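# Commentary on secondary and tertiary structure
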Amino acid sequence: MLSEIVEWAESSDSTIRKAGAGTFLALTDITSDVLLPLPANQESTGEAVDAPDVLAGQLFVRGWRASLQEPTAAQAAYRHLAAWLDSPKFQDVQVLPLAAQVLRGYLARKAPPVCWWARPAAPNWDGLGAHSCSPS
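Keep in mind that this is a model prediction, so the values were computed, not measured. (Residues numbered from 1 in each chain as written. Predicted model: local features only at pLDDT ≥ 70, side-chain atom pairs only at ≥ 80, totals over all residues. Heavy atoms only, no water.)

## So, the nonpolar core
Phe24, Phe60, Trp64, Leu68, Leu81, Trp84 and Val102 are the most contacted members of the largest nonpolar core, which has 24 residues in total. If you list the elements that add at least two residues to this core, you get helix H1 (2–9), helix H2 (14–27), helix H3 (52–69), helix H4 (74–86) and helix H5 (92–103). (Core = buried A, V, L, I, M, F, W, Y, C linked by side-chain atoms within 4.5 Å. Buried < 20%, exposed > 50% of the residue type's maximum accessible area, 1.4 Å probe, protein only. Helix = DSSP H or I, 4+ residues; strand = E, 2+ residues; numbered from the N terminus.)

## Some points on the pattern of salt bridges
All told, the structure shown has 2 salt bridges when counted by the stated rule. We note a salt bridge from Arg62 to Glu10, for which the minimum N-O separation is 2.6 Å. Linking Arg62 in helix H3 with Glu10 in the loop between H1 and H2, this pair joins segments that are 52 residues apart in sequence. Taking relative accessible area as the criterion, Arg62 reaches 33% and is therefore assigned partly exposed. Judged by its relative accessible area of 37%, Glu10 is partly exposed. (Salt bridge = Lys/Arg side-chain N within 4 Å of Asp/Glu carboxyl O.)

## Focus: the packing of H1 against H2
Orientation of H1 relative to H2, taken along the N-to-C sense of each, is 135°, at an axis distance of 6 Å. On the basis of their axis angle, the class for H1 and H2 is oblique. At the point where H1 passes H2, the crossing takes the left-handed sense. Contact residues: H1 offers Leu2, Ile5, Val6, Trp8 and Ala9, while H2 offers Ile16, Arg17, Gly20, Ala21, Thr23, Phe24 and Leu27. (Axes fitted to C-alpha atoms, helices over the stretch in contact; angles between N-to-C directions. Parallel < 35°, antiparallel > 145°, perpendicular 65-115°, else oblique. Left-handed = near helix turned anticlockwise from the far one by under 90°. Contact = heavy atoms within 4.5 Å.)

## Quick notes on the packing of aromatic side chains
Tallied over the full model, the rule gives 5 aromatic pairs. An angle of 65° between the planes, with centres 6.5 Å apart, marks the rings of Phe24 and Phe60 as edge-to-face. Of the two residues, Phe24 sits in helix H2 while Phe60 sits in helix H3, which places them 36 residues apart along the sequence. By relative accessible area, which is 2% here, Phe60 ends up buried. Here Trp64 and Trp84 contribute two aromatic rings whose centre-to-centre distance is 5.2 Å and whose plane-to-plane angle is 85°, an arrangement assigned as edge-to-face. Here Trp64 is found in helix H3, whereas its partner Trp84 is found in helix H4, with 20 residues between them in sequence. The pair Trp64 / Trp84 is uniform in exposure class, with both members buried. One aromatic cluster in this structure is built from Phe24, Phe60, Trp64, Trp84 and Phe90. (Phe/Tyr/Trp six-rings, centres within 6.5 Å; stacked < 30°, edge-to-face > 60°.)

## Thoughts on H5
Since one α-helical turn is 3.6 residues long, residues separated by three or four positions face the same way. Given a rise of 1.5 Å per residue, 12 residues ought to cover 16 Å, and the 16 Å separating the end C-alpha atoms of H5 matches this to within 8%. Among all positions in H5, only Gln94, Val95, Pro97, Leu98, Ala99, Val102 and Leu103 are buried. (Expected span 1.5 Å × (residues − 1).)

So this is what it looks like as structure tokens:
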């Protein structure tokens, strides 16, 4: 199921891409009762490329990247990813390597300043996208 949704989110057709990104974000919303489980360990272990955890991790990375690159879903995707990073539902060994893979490379250069998504509770955060990276 996840592979199909990720393929939609990566589609060249904007309608399918928006639907895929929206569905991926709904499935990764940690406030939801239906949360897709993360693979147990995202660290590079030298496992075979077709190992279930490795494939699932690659799907999560592709889904996050596609959602972050879809203009209609990008802000929600950054909020969801920030919530994953802050959530006690996930162990650091699960979510930190995944987030690093998502933000690595070209996408990282296009991302908003780190303070925007890593510090949503900062005093100068208005919750609507306006932000300041300077301390208040």
